[in-house]
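# Structural characterization, general
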Amino acid sequence: MEQLILASGACDPANDIICKPDNVIELFKFEDNLFAIGPWGITRTVFLILLAMVIVLTLLFFGLRKRRMVPSKFGVTIESLMQFVRDDIAVGIIGPEGTKYYPWLLSLFMFILVGNLFEVTPLINFPITSRMAIAGGLSLLTWVIFVFVGFKKNGFRYVGALVWPTTVPIALRPLVGLIEFVSTFLLRPLTLAVRLFANMVAGHLMLTLLLVSGWVFMSSVGEIGARALIGVPWFAFGLGIFVFEIIVAILQAYIFTLLSAVYVESSIHIEH
Amino acid sequence: MEELKGAIAVMGYGLAAIGPGIGIGLVVASAISAMARQPEAAGMVRTTMFLGIAFTEALALIGFVLFFIA
């Protein structure tokens, strides 16, 4: 029984219904340094951010190094990924002027994709986007860009059209304007960050709990005998979730980039 | 009070998942019927479907985060 509550530290033995992991606070906290370079301490998360950056740069560099009439298989993969971001997200959502935002959207997509896929990479098994600082930082960048674009393209009409929507009956305008203002400037960055963060945390927790509990059951076969077979379906379920998490990682990178493009589009064309 | 707190957070997440569950079902059902009626518009419908799912899902995810914060 000691081992079974391995994954949930704050278990009350008298009342075993409520078990809660005691270390979820680490999702919002800084970890101990792995090593330090001068004044900059490098934690595991920071190290993985740098690793993700290096991976993205390497992929793009080697994918596009030689421009050939018939590119290699690797080059085709990278090019079709880039074409997907350009045609489906940048130009497809924002319109012809979307090519201006294409480099930003591509780097966002590639970084989040690599960061999410760390979740299912053996020996790493930790999605860097499950730290609020990273999801929040990326969504703050999107917030700054779409607010800046809105003011640059439309001036103060950007806020004016939001808080005083002329397509709504005049009695409802203050209420609708307030809702629009709050949802645009406060809820958009919050939900953008929370969506990525919560999806990654949920997947990470689910994988950890299922695989660890399955493993604990199966490895204690000497003590509990045939009852250790309970661990087999848990472990199999964990492996099923593993495949599902690959899909979630790709989908969340796509959705984050798509929503960033949608927000920029709504700042450029304020009429609707 | 400490035990009660955890139990209420679990129930709160369950309640927060009801609405988005129904909502995502409606979004995907409409998208499937749209794609079946007009397969040539499938790409556009799929993009819009993901947008709709993302907006609907946000409520459930906020509930999920509140479960940890509470």
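Residue positions within a chain follow its written sequence, with the count starting from 1. Ligands are numbered from 1 and chains lettered from A, in the order in which they are written. Where totals are concerned, whole chains, interfaces and linings use all residues; where local detail is concerned, this predicted model gives features only for residues with pLDDT of at least 70, and gives and counts side-chain atom pairs only at 80 or more. Side-chain numbers here rest on the full set of heavy atoms in the structure, without hydrogens or water.

### A few points about the overall build of chain A
Under the convention used in this document: Strands are runs of DSSP state E lasting at least two residues, helices are runs of H or I lasting at least four, and both sets are numbered from the N terminus onward. Each residue is placed in one exposure class: buried if its accessible area under a 1.4 Å probe, protein chains only, is under 20% of its type's maximum, exposed if it is over 50%, and partly exposed if it falls in between. Note on definitions: a residue-residue contact is assigned when non-hydrogen atoms from the two residues lie within 4.5 Å. Surface accessibility in these figures is a Shrake-Rupley result with a 1.4 Å probe; residues are shielded only by whichever protein chains are displayed.
Counting secondary structure elements, chain A contains eight helices and two strands. For chain A, the succession of helices and strands along the chain, N to C, is β-β-α-α-α-α-α-α-α-α. Burial analysis of chain A (272 residues in total) assigns 40% to the buried set. Put simply, of all contacts in chain A between residues at least 6 apart along the chain, 64% involve residues at least 24 apart. For chain A, the computed accessible surface area is about 15300 Å², with 72% contributed by carbon and sulfur atoms.

### Comments concerning the nonpolar core
The line we're drawing: Residues belong to one nonpolar core when they are buried, are Ala, Val, Leu, Ile, Met, Phe, Trp, Tyr or Cys, and are joined through side-chain atoms within 4.5 Å.
Formed by 66 residues in total, the largest nonpolar core has its most connected members in A:Tyr101, A:Leu105, A:Ile128 and A:Val264. Where this core is concerned, the elements lending two or more residues are α1 (44-63), α2 (73-94), α3 (102-117), α4 (132-154), α5 (157-163), α6 (173-219) and α8 (231-268) of chain A together with α2 (42-69) of chain B. With residues up to four places along the chain from it excluded, the contact list for A:Tyr101 reads A:Ile94, A:Val149, A:Lys153, A:Val264 and A:Ile268.

### Here we look at the packing of α3(A) against α4(A)
Residue and element names in this part refer to chain A. Keep this limit in mind: Lines fitted to the C-alpha atoms define the axes, with helices restricted to the stretch that makes contact. Angles between their N-to-C directions range from 0 to 180 degrees. Put simply, angles under 35 degrees are roughly parallel, angles over 145 are roughly antiparallel, angles from 65 to 115 are roughly perpendicular, and the rest are oblique. Amino acid classes used here: Ala, Val, Leu, Ile, Met, Phe, Trp, Tyr, Cys and Pro are nonpolar; Asp, Glu, Lys and Arg are charged; the rest, including Gly, are polar.
Between α3 and α4, the shortest axis-to-axis distance is 12 Å and the interhelical angle comes to 170 degrees. The angle between the axes of α3 and α4 places the two elements in the roughly antiparallel class. When α3 is examined against α4, the residues Trp-104, Leu-108, Phe-111 and Ile-112 are found in contact with a partner set consisting of Ile-134, Leu-138, Leu-141, Thr-142 and Ile-145. Residue composition of the contact of α3 with α4, grouped by class: eight nonpolar, one polar and no charged.

### Details of a nonpolar patch on the surface
Residues and elements named next belong to chain A. What counts, and what does not: The patches described consist of residues with a relative accessible area above 30% and no salt bridge, like charges being joined within 9 Å and nonpolar side chains (Val, Leu, Ile, Met, Phe, Trp, Tyr) within 5 Å. For this document, the term salt bridge refers to a Lys or Arg side-chain nitrogen within 4 Å of an Asp or Glu carboxyl oxygen.
A surface patch of nonpolar side chains, amounting to about 810 Å² of accessible area, comprises Val-163, Trp-164, Ile-170, Leu-178, Phe-181, Val-182, Leu-186, Leu-187 and Leu-190. Counting residues per element, the nonpolar patch draws most heavily on α6, which supplies six residues. With respect to the helices and strands, the residue Val-163 is situated in helix α5. For Val-163, a relative accessible area of 33% translates into the label partly exposed.

### A word on the packing of aromatic side chains
Residues and elements named next belong to chain A. This is how the line gets drawn: Centres within 6.5 Å make a pair out of two Phe, Tyr or Trp rings, where for Trp the six-membered ring is used; the pair is then stacked when the planes are under 30 degrees apart, edge-to-face when over 60, and tilted otherwise. Each ring is checked for a lysine NZ or an arginine CZ that lies within 6 Å of its centre and within 35 degrees of its normal; such an atom marks a charge sitting over the ring.
All told, the structure shown has nine aromatic pairs over all chains when counted by the stated rule. On the numbers, 5.6 Å between centres and 80 degrees between planes, the contact of Phe-151 with Tyr-158 is edge-to-face. Residue classification places Phe-151 among the partly exposed residues on the basis of a relative accessible area of 34%. Given a relative accessible area of 3%, Tyr-158 falls into the buried group. With a centroid separation of 5.0 Å and 55 degrees between ring planes, the pair formed by Phe-181 and Phe-185 is classed as tilted. Taken together, the positions of Phe-181 and Phe-185, both in helix α6 and four residues apart, correspond to about one turn of that helix. Put simply, the rings of Phe-151, Phe-156, Tyr-158, Phe-181 and Phe-185 touch in pairs and so form one group of aromatic residues. Geometry around Phe-146 places Arg-188 over its ring, the cationic atom sitting 5.3 Å from the centre.

### A look at the confidence of the model for chain A
If pLDDT is low for a region, its predicted coordinates should not be looked at in detail. Residues and elements named next belong to chain A. Put simply, the test is: pLDDT measures the predictor's confidence residue by residue and takes values from 0 up to 100.
Across chain A, pLDDT averages 84, with 88% of residues at or above 70. Here strand β1 (residues 35-37) stands out as the element of chain A with the lowest mean pLDDT, 76, in contrast to α3, whose mean of 94 is the highest. Low pLDDT, under 50, characterises residues 1-9; the predicted model gives this stretch 16 contacts beyond four residues in sequence or across chains.

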